[in-house]
Amino acid sequence: MAVKDRDRFSTATRIRLLGEQTAARVYRSQTKRQARRSRLTGRAALLALVLCSLIVALAYPIRQYVSQRAEIADLQRQQEQARQRVEQLRDQKARWQDDAYAEQRIRERLHYVMPGETGFIVVDPGVARQSRADLGAADRPWYSNVWDGVDKSDASDQ
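What counts as what
- Residue positions are given per chain, counted from 1 along the sequence in the order it is written.
- The predicted nature of this model means local features are confined to residues of pLDDT at least 70 and side-chain atom pairs, given and counted, to a pLDDT of 80 or more, with totals for whole chains, interfaces and linings taken over all residues.
- Hydrogen atoms and water are omitted, and side-chain values are computed over all heavy atoms in the structure.
- Runs of H or I in DSSP of at least four residues are treated as helices and runs of E of at least two as strands, each being numbered from the N terminus.
- A helix's residues, less one, multiplied by 1.5 Å, set its expected span.
- Fitting axes to the seven residues ending at a residue and to the seven starting there, one defines the bend at that residue as the angle between these axes.
- With axes taken as lines fitted to C-alpha atoms, and helix axes fitted only over the stretch in contact, angles between N-to-C directions fall between 0 and 180 degrees.
- Any angle from 65 to 115 degrees is called roughly perpendicular, while one under 35 is roughly parallel, one over 145 is roughly antiparallel, and all others are oblique.
- Two residues qualify as a contact provided that any one of their heavy atoms is within 4.5 Å of a heavy atom in the partner residue.
- Patches in this entry comprise residues that are over 30% relatively accessible and not in a salt bridge; like charges within 9 Å are linked, as are nonpolar side chains (Val, Leu, Ile, Met, Phe, Trp, Tyr) within 5 Å.
- Only the protein chains shown count as cover for residues, and the accessible areas themselves come from Shrake-Rupley with a 1.4 Å probe.
- Each salt bridge in this description consists of a side-chain nitrogen of Lys or Arg and a carboxyl oxygen of Asp or Glu lying within 4 Å of one another.
- Burial status follows relative accessibility: with a 1.4 Å probe on protein chains alone, a residue under 20% of its type maximum counts as buried, one over 50% as exposed, and anything between as partly exposed.
- Only Phe, Tyr and Trp rings are paired, with Trp represented by its six-membered ring, and only when their centres lie within 6.5 Å; those with planes under 30 degrees apart are stacked, over 60 edge-to-face, the remainder tilted.

When the terminal C-alpha atoms of helix H3 (residues 42-97) are compared, their 82 Å separation across 56 residues agrees well with the 82 Å that a helix rising 1.5 Å per residue should span. Along H3, the sharpest change in direction is near 35° and occurs at Ala59; proline Pro61 comes one to four residues later.

Packed helix pairs are specified by the crossing angle of their axes together with the interaxial distance, meaning the distance between the axes. Packing of H3 against helix H4 (residues 99-110) leaves a shortest axis separation of 5 Å and a crossing angle of 90°. Overall, the two elements H3 and H4 adopt an arrangement that is roughly perpendicular. Of H4, the residues touching H3 (which contributes Arg95, Trp96 and Gln97) are Asp99, Tyr101, Ala102 and Arg105.

On the surface, Leu46, Leu47, Leu49, Val50, Leu51, Leu54, Leu58, Ile62, Tyr65 and Val66 cluster together into a nonpolar patch covering about 990 Å² of accessible area. Its place among the elements puts Leu51 in helix H3. The class of Leu51 is partly exposed, set by a relative accessible area of 45%.

Under the definition given, this model contains 6 salt bridges. Measuring nitrogen to oxygen at the nearest pair gives 2.1 Å for the salt bridge that ties Arg77 to Asp74. Linking Arg77 with Asp74, this pair stays in helix H3, spanning 3 residues, or about one helical turn. A residue is classified by how much of its surface remains accessible, and Arg77, at 44% relative accessible area, is partly exposed. Note that Arg90 and Glu87 form a salt bridge whose closest N and O atoms lie 3.4 Å from each other. One end of the pair is Arg90 and the other is Glu87, both in helix H3 and 3 residues apart, which spans about a single turn. Of the residues examined, Arg90 reaches a relative accessible area of 54% and is grouped as exposed.

As a further point, take H4. With 12 residues, H4 extends 16 Å from end C-alpha to end C-alpha; this agrees with the ideal 16 Å at 1.5 Å per step. Among the residues trailing H4, His111 stands out with phi positive, at a value near 60°.

What follows covers the packing of aromatic side chains. Using the criterion set out here, one finds 2 aromatic pairs in the structure. Both rings, one in Trp96 and one in Tyr101, keep their centres 5.4 Å apart while their planes meet at 85°; by these two values the pair is edge-to-face. Look at Trp96 and you get partly exposed, because its relative accessible area is 34%. Look at Tyr101 and you get partly exposed, because its relative accessible area is 21%. Summarising the aromatic geometry, the rings of Trp142 and Tyr143 are spaced 5.9 Å apart at their centres and angled 80° between planes, so their arrangement reads as edge-to-face.

The values reported here are purely geometric and, on their own, carry no functional implication.
Here it is in C-alpha cells:
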C-alpha cells in the first residue's frame, strides 16, 4: 500500500492526472462550442427573421391577387354567357321579324286558322283520360284556365 500511496503523490502521477483532467475539460468545452455552433447563429437568426417578415408582408397582397384573379375569371365567364344570351335573343328577334314564322307560332300557340280552313285538335287518348283538375295550370292551354276560372266563379255563386 505504501507503493500505491507513493504513486499517488508522485509528480509524474500528478502531472498525468492533471493532463487527463485538463483534456477532459477541453473536450467538454469543444463539444459545447460545437453544439452551440451547430445551433442557430446570429446571422442565421437574422436571415430567418427577415424571411419571416417578407412572408408575412407578402401574404395579404398575394391572397388579394389570387382572389381578384378568380373574380376576373368569373366575370369573364359571366360576360361570355351574356354574349351568348344576346346572340340567342337577336336570332329570336330576327325570326319574329319574318311573317311566316310569326304566323306559324300564332297558329301553333293560339290554335288560329285561316279563313276557309278547318281547325282540328288531336287529343291523345292517354291525356284524355286525365281529368282537367289533375293537370297543373301551367300544363294546360290558357283558354282552359279561363274556363276553369269561369266554372269556379259560377259554382261559388250557387
